Amino acid sequence: MINQLFTVFLLTMVIHAAETLSYSLRYAGVKLNKIAVALSLTGMLVLVSRTANLIQAPLTAKFIDLAKVDPTFPVLDYLRFVILAATAGTGIAILLFPSFVHIWGRVISKLEVAGSLPRLISSVTIQQLKNAKHYLRKPTFRLHTFRYLEIPKRFIILNILVTAIYTIGVMSSLYAAHLVPGLSTTASQSSGLINGIATILLTIFIDPQIGLITDKAIHNKDYRQQLGKIYVLLMVSRLFGTLVGQLLLVPAALFISWIVQFI
């Protein structure tokens, strides 16, 4: 079971790292003035994330099944450990951000030459993969450079909250299934009760703001220099969001377990 837990841990890391690294892809597109091409490549990251989630989800659900037959099984500790993987994956993505900005910049340039994603992938050689090490960059953080980015505090707080909700949405529904075994199937399928709140906040407040920030950078060279720092700030807020998720896991599960009794 420990091996399965670490498999889920690694897959969760991959999911959150891929989602967070989408900022590096967007930034590379802005720097090259190829934002449309960059956004089209986000499908690659989505594919990685969803493929990992395809395997991770049933493996995580199995923890709840084991808890049904073994009352001593520490299901909550397991779920918290999985959420910790989200924090680790986001942290790794932050460290890799400068390197992936350069890597994605190279991919975007190659895609223009290849003309299509299949041709781009088929043209990659072993030597080119080995040369990728030359694009690695050491991350540097200077806190004083983040003071004057003109990002509203409420926007950062919302991003933390949305990330926290998305991080624990499925976990909280699974734990709710453990809390109310008589309605376990209903509870396990009720992550939308939690994620729906995050979706509304993301659609109304977060995505439009990020779009405006990116568009401003495209048309303003001076602001473009600040965009990388803004994205780092947003990624750090995602990191804090995964930590806040630890606090919301049980309350969210209790909320779901209460709601499903009226469905």
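Residues numbered from 1 in each chain as written. Predicted model: local features only at pLDDT ≥ 70, side-chain atom pairs only at ≥ 80, totals over all residues. Heavy atoms only, no water.

K.L.:
Which residues make up the overall build of the chain, and what values go with them?
P.N.:
When you go through the chain residue by residue, the secondary structure sums to 10 helices and 0 strands. What you see in the chain, going N to C, is helices and strands ordered as α-α-α-α-α-α-α-α-α-α. Computed over its C-alpha atoms, the radius of gyration of the chain comes to 20 Å, within 12% of the 18 Å expected for a compact globule of 263 residues. Counting only C-alpha atoms, the chain reaches 55 × 45 × 30 Å along its principal axes. Residue burial in the chain is summarised as follows: out of 263 residues, 42% are buried. If you sum the accessible surface of the chain, you get close to 14,200 Å²; carbon and sulfur atoms cover 65% of it. Across the chain, the 23 positively charged side chains and the 9 negatively charged ones have centroids separated by 11 Å. (Helix = DSSP H or I, 4+ residues; strand = E, 2+ residues; numbered from the N terminus. Rg over C-alpha atoms; globule rule 2.2 N^0.38 Å. Buried < 20%, exposed > 50% of the residue type's maximum accessible area, 1.4 Å probe, protein only. Areas by Shrake-Rupley, 256 points an atom, 1.4 Å probe, with all protein chains shown as cover. Lys, Arg positive; Asp, Glu negative; His and termini not counted. Charge placed at Lys NZ, Arg CZ, Asp CG, Glu CD.)

K.L.:
Describe the packing of helix α1 (residues 2–20) against helix α3 (residues 35–69), naming the residues involved and giving the relevant values.
P.N.:
In the contact formed by α1 and α3, the axes pass within 8 Å of each other and the chain directions differ by 150°. With respect to each other, α1 and α3 are oriented roughly antiparallel. Remark: the crossing between α1 and α3 carries left-handed chirality. In this structure, α1 uses Gln4, Leu5, Thr7, Val8, Leu11, Thr12, Val14, Ile15, Ala18 and Glu19 to contact α3, whose residues at the interface are Leu45, Val48, Ser49, Ala52, Asn53, Ile55, Gln56, Leu59, Thr60, Lys62 and Phe63. Grouping the amino acids of the contact of α1 with α3 by side-chain chemistry returns 12 nonpolar, 7 polar and 2 charged. (Axes fitted to C-alpha atoms, helices over the stretch in contact; angles between N-to-C directions. Parallel < 35°, antiparallel > 145°, perpendicular 65-115°, else oblique. Left-handed = near helix turned anticlockwise from the far one by under 90°. Contact = heavy atoms within 4.5 Å. Nonpolar A, V, L, I, M, F, W, Y, C, P; charged D, E, K, R; others polar.)

K.L.:
How would you summarise the pattern of salt bridges if you had to cite specific residues and measurements?
P.N.:
Using the criterion set out here, one finds 2 salt bridges in the structure. For Arg238, the salt bridge identified is with Glu19, shortest N-O distance 3.6 Å. Taken together, the residues Arg238 in helix α10 (residues 221–259) and Glu19 in helix α1 connect sequence positions 219 residues apart. Its relative accessible area of 14% is what places Arg238 among the buried residues. Classification of Glu19 by relative accessible area gives partly exposed; the value is 34%. In this structure, Glu112 and Lys34 form a salt bridge, with 2.8 Å as the shortest nitrogen-oxygen distance. (Salt bridge = Lys/Arg side-chain N within 4 Å of Asp/Glu carboxyl O.)

K.L.:
A description of the nonpolar core should follow, citing residues and the corresponding values.
P.N.:
For soluble globular proteins, the rule of thumb is that nonpolar side chains tend to be buried together. Ranked by internal contacts, the top residues of the largest apolar core, which has 63 residues, are Phe97, Phe155 and Leu234. Of all the elements in the fold, those that place two or more residues in this core are α1, α2 (22–31), α3, α4 (75–114), α7 (153–179), α9 (192–219) and α10. The leading source of residues in this core is α4, at 13 residues. (Core = buried A, V, L, I, M, F, W, Y, C linked by side-chain atoms within 4.5 Å.)

K.L.:
Explain the environment of Thr185 residue by residue, including any values.
P.N.:
Mapped onto the elements, Thr185 comes out in helix α8 (residues 184–188). On the basis of relative accessible area, Thr185 is assigned to the exposed category, the value being 58%.

K.L.:
I'd love a proper account of the packing of α2 against α10, names of residues and values included.
P.N.:
To characterise two packed helices, one gives the angle between the axes of the helices and the distance between these axes. Running from amino to carboxyl end, α2 crosses α10 at an angle of 175°, the nearest separation of the two axes being 10 Å. Considering the angle they form, α2 stands roughly antiparallel to α10. Residues Tyr23, Arg26, Tyr27, Val30 and Lys31 of α2 form the contact with α10, whose participating residues are Arg224, Gln225, Leu227, Gly228, Tyr231, Leu234, Met235 and Arg238. Split by residue class, the contact of α2 with α10 holds 7 nonpolar, 2 polar and 4 charged.

K.L.:
Kindly report on the confidence of the model for the chain, identifying the contributing residues and their values.
P.N.:
For the chain, the average pLDDT comes to 87, and 94% of its residues sit at 70 or higher. In the model of the chain, helix α6 (residues 126–131) stands out as the element of lowest mean pLDDT, 71, in contrast to α1, which has the highest, 93. (pLDDT = per-residue confidence, 0-100.)

K.L.:
Go over unusual backbone geometry, please, and point to the residues and values.
P.N.:
Phi at Asn33 takes a positive value of approximately 60°, unusual for a residue other than glycine. By secondary structure assignment, the location of Asn33 is in the loop between α2 and α3. Here Asn33 falls in the exposed class, since its relative accessible area comes to 51%.

K.L.:
Explain the environment of Ile92 to me, using residue names and the numbers behind them.
P.N.:
Its place among the elements puts Ile92 in helix α4. For the pair Ile92 and Met13, spaced 79 residues apart in sequence, the C-alpha to C-alpha distance is 8.6 Å.

K.L.:
I'd love a proper account of the packing of aromatic side chains, names of residues and values included.
P.N.:
Under the criterion given, the structure shown has 10 aromatic pairs. Centroid distance Trp258 to Phe262: 5.2 Å. Interplanar angle 70°. Geometry classified as edge-to-face. Owing to a relative accessible area of 49%, Trp258 belongs among the partly exposed residues under this scheme. Judged by its relative accessible area of 59%, Phe262 is exposed. Each member of the aromatic cluster is reached from another via a ring pair, and the members are Tyr23, Tyr27, Phe97 and Tyr231. (Phe/Tyr/Trp six-rings, centres within 6.5 Å; stacked < 30°, edge-to-face > 60°.)

K.L.:
So what's going on with the side chain of Thr12? Which residues, and what values?
P.N.:
Turning to its location among the elements, Thr12 is positioned in helix α1. Assessed through its relative accessible area of 3%, Thr12 is described here as buried. Only 2.7 Å separates the side chain of Thr12 from the backbone oxygen of Val8, close enough to count as a polar contact. Apart from residues lying up to four places away in sequence, Thr12 is in contact with Gln56, Val82, Ala85 and Ala86. (Polar contact = N/O pair within 3.5 Å; in protein donor to acceptor, adjacent residues only side chain to side chain.)

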